[in-house]
Amino acid sequence: MRATIRQLWLQVLGRDELQGDVDFFAAGGSSLKSLILLTELNEAFATEFEIAELVDCRTIDRQSDAVWNRIARGAAEVREEQTVVVPLTRAGDGSGQDAVLVAVHDVSGDVYGYTSLAGELSGQADLYGVKLAHEQFDAPRALTIAGLAGDHVAAIESTFDESRRLVILGWSLGGLVAFEMAKLLDQRGRPVERVVLVDSPYELYLPAANGAGHEDFLPGPERALLDEFGWLADDKPLFPDGATVEVMWRSVRARLDTPARERLAAELSRRFPLMTRVIPHLASLNPAEFVGYLNRFRSVLQAGRAYRPTGTTAAPVDLLTATRSRNFDPRWSIHTSGTFRRRSLDGDHFSILDRRSARATAQAVLALDSR
């Protein structure tokens, strides 16, 4: 168990070695990396820690003790399901009477984009993230937004009893899944209190993090990048003829030393800025995990590109749109039989969830709830 936790720390921090008593933040940790570590740890051990519970567990040894104590209370089960529900923060009073905020993953399949928002909502709301297990993506999978919604609803229903009111929130592509989840919960007789779409596109448009516009993530550009790393081979070809991009990625990642890994990280950031923005620790993963994250990204992206909203939900729909994005579309208003409200947030598609803007976004979410 301690070895697994050490490996998670190494990957998240991008380090080659760590002592058991080193402080996480002294070793290069940050609030974003702490959320990455939290979600990976909960997935690895089938635990449900939240950030506040691990604030004082800032060494590998202390974190190992905390995980061991949690598991000792009840044997952890190996997670085989595709959907993972991750506690991000909880209301300060611990009453559990207010609505549960369910934050749906973006195109990455993960919830790292909600890091700063979770920090602002700490003590004010029960916030849970819904993510996809990267282990399920050893190869690309044919996904649909409606299919993802079905899996996520099943996970939510098994996590929260019917006494808990639900508010489903989704940033970017997560809003598409959130809308489908609300429709499905309507059909099952468990209406959603609100759906909050945070700069969610009506038809998927994914701006690059550098503002360059629509970004393609296809096998062609991937192969072009991977071919440039052929120099990693010694006396035989790095890739067999006809190798899939998954095999090519594994071959490259298995041979990277630290300088080569930094070079790959720089090239990924330059050529696929969106992917590296929503999967911030991509370059530090081991080969198998690296490929799993890539395939998850690719699979969710294709599902989003094929999706068009249909039907309606009885839940009120609140659309929070960034002033410097193109994601306001009045057609969202025809997909609810409840109220439709729009509020603008100063910033672009990414910055509205960044540390400096997250407080305003959190206040907007909470203000909607109080009206």
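What counts and what doesn't
- Chains are numbered independently. Their residues run from 1 in the order of the written sequence.
- Only residues with pLDDT of at least 70 are given local features in this predicted model, and only at 80 or more are side-chain atom pairs given and counted; all residues enter the totals for whole chains, interfaces and linings.
- By convention in this description, side-chain values take in all heavy atoms of the structure and omit both hydrogens and water.
- A run of H or I in DSSP counts as a helix once it spans at least four residues, and a run of E counts as a strand once it spans at least two, with each numbered from the N terminus.
- Note on classification: 1.4 Å probe, protein chains only; a residue is buried when its accessible area is under 20% of the maximum for its type, exposed when over 50%, partly exposed between these limits.
- When checking whether two residues touch, look at their non-hydrogen atoms; a contact exists if any pair is within 4.5 Å.
- For accessible areas, the Shrake-Rupley method is used with a probe of radius 1.4 Å. Any residue's cover is judged against the shown protein chains and nothing else.
- Strands qualify as paired when DSSP identifies two bridges or more between them.
- Throughout, an axis means a line fitted to C-alpha atoms (over the contacting stretch in the case of helices), and angles, computed between N-to-C directions, take values from 0 to 180 degrees.
- Among buried residues, the Ala, Val, Leu, Ile, Met, Phe, Trp, Tyr and Cys ones that are joined through side-chain atoms within 4.5 Å form a nonpolar core.
- Two aromatic rings from Phe, Tyr or Trp, using only the six-membered ring of Trp, form a pair when their centres are within 6.5 Å; if the ring planes differ by under 30 degrees the pair is stacked, by over 60 it is edge-to-face, and anything between is tilted.
- Here, over-ring charges are defined by two tests on the NZ atom of lysine or the CZ atom of arginine: distance to the ring centre within 6 Å, and angle to the ring normal within 35 degrees.
- Between the first and last residue of a helix there are one fewer steps than residues, each counted as 1.5 Å, and that sum is the expected span.
- Note that the arc is defined by the directions from the helix axis to the C-beta atoms.
- Every crossover in which the path from the first strand over the helix to the second runs clockwise, viewed with the strands pointing away from the viewer, is termed right-handed.
- In this analysis, the protein atoms alone were mapped onto a 1 Å grid. Cavities are point sets where a 1.4 Å probe fits without being able to get out; pockets are open sets with protein on both sides within 12 Å along at least five of seven lines; lining residues have an atom within 4 Å of a point.
- Grid points are joined across faces, edges and corners, and a volume is the space filled by probe spheres set on the points.
- The residue classification treats Ala, Val, Leu, Ile, Met, Phe, Trp, Tyr, Cys and Pro as nonpolar and Asp, Glu, Lys and Arg as charged. All others, Gly included, are polar.

Okay, the overall build of the protein chain next. The number of helices and strands found in the protein chain is twelve helices and seven strands. With 371 residues in all, the protein chain has 54% of them scored as buried. Across the protein chain, the fraction of contacts at a sequence separation of at least 24, relative to all contacts at a separation of at least 6, is 74%. Summing over all exposed atoms, the protein chain offers an accessible surface of approximately 15,700 Å²; the carbon and sulfur share of this is 48%.

The next point concerns the sheet that holds strand β1 (residues 83-89). Here we have seven strands laid out as an open sheet, ordered β1-β3-β2-β4-β5-β6-β7, and mixed in their pairing. Looking at the sheet topology across the chains shown, the edges are occupied by β1 and β7 (340-345). Averaged over all pairs of adjacent strands, the angle between strand axes in this sheet comes to 20°, irrespective of strand direction. The sheet contact formed by strand β6 (residues 317-322) and β7 spans six bridges and is parallel. Along β7, the bridge assignment pairs Val317 with Phe340. Packed onto the sheet, helix α5 (residues 145-159) meets β1, β2 (100-104), β3 (126-132) and β4 (166-171) and runs at close to 55° relative to β1.

What follows is about the nonpolar core. Judged by nonpolar contacts, the single largest core of 119 residues is most densely connected at Tyr114, Trp249, Val252, Leu264, Leu268 and Leu282. At nine residues, the largest contribution of residues to this core is made by helix α6 (residues 173-187). Ignoring anything within four residues of it in the chain, the contact list for Leu268 reads Leu225, Trp249, Pro273, Met275, Thr276, Leu282 and Phe290.

This part covers the packing of aromatic side chains. Per the stated rule, a full pass over the model turns up seven aromatic pairs. Centroid distance Trp9 to Phe24: 5.2 Å. Interplanar angle 80°. Geometry classified as edge-to-face. Of this pair, Trp9 sits in helix α1 (residues 2-13) while Phe24 sits in the loop between α1 and α2 (31-45), and the two are 15 residues apart along the sequence. Judged on exposure class, the residue Trp9 and its partner Phe24 are both buried. Ring centres 5.3 Å apart and planes at 90° place the aromatic pair Phe24 and Phe25 in the edge-to-face group. Sitting over the face of the ring of Phe137, Arg141 holds its NZ or CZ atom 5.1 Å from the ring centroid.

Residues spaced three or four apart along an α-helix point in a common direction, a consequence of the helix completing one turn every 3.6 residues. Taking 1.5 Å of rise per residue, 13 residues should cover 18 Å, and helix α3 (residues 60-72) covers 18 Å from first to last C-alpha, within 8% of that figure. Regarding α3, the residues found buried are Ile60, Gln63, Ser64, Ala66 and Val67. When α3 is viewed along its axis, its buried side chains cluster within an angular range of 160° and face the same direction. Exposed residues on α3 whose side chains face more than 90 degrees from its buried face are Trp68 and Ala72. Turning to α3, the residues buried within the fold contact α1 and α2.

Our next topic: the pairing of β3. For β3, a buried count of seven out of seven residues is recorded, marking the element as mostly surrounded by other parts of the structure. Bridging between β1 and β3 involves six bridges; their strand directions are antiparallel. Bridging across to β3, Pro87 finds its partner in Tyr128. Strand direction decides the pairing type here: β2 and β3, joined by five bridges, are parallel. Bridge pairing in β3 places Leu101 opposite Leu127. Tracing the backbone out of β2, into helix α4 (residues 115-121) and back to the parallel element β3 gives a crossover that is right-handed.

Below, the discussion takes up helix α8 (residues 245-253). α8 sits mainly inside the fold: seven of its nine residues count as buried. Burial in α8 covers these residues: Val245, Glu246, Met248, Trp249, Ser251, Val252 and Arg253.

Further remarks concern the environment of Lys33. Relative to the helices and strands, Lys33 resides in helix α2. You can call Lys33 partly exposed: its relative accessible area is 25%. With 20 residues separating them along the chain, Lys33 and Leu13 place their C-alpha atoms 7.3 Å apart. In this structure, Lys33 is in contact with Val12, Leu13, Phe24 and Gly28, ignoring residues within four places of it in sequence.

Turning to the side chain of Glu246, a few remarks are in order. Mapping Glu246 onto the fold places it in helix α8. Residue class for Glu246 comes out buried when judged on its relative accessible area of 10%. The residues touching Glu246, leaving out its near neighbours within four places in the chain, are Asp138, Ala139, Pro140, Val291, Asn295 and Arg298.

Here the focus is the layout of surface pockets. Its boundaries defined by the atoms lining it, the largest pocket holds a volume of some 390 Å³. At the level of elements, α2, α4 and α10 (273-278) are the ones that each hand at least two residues to the lining of the largest pocket. Tallied by class, residues from the lining of the largest pocket come to seven nonpolar, five polar and four charged. Together, 19 residues line the second largest pocket, and Ala265, Pro280, His281, Ala283 and Ser284 are the ones closest to its centre.

Keep in mind these values describe shape, not function.
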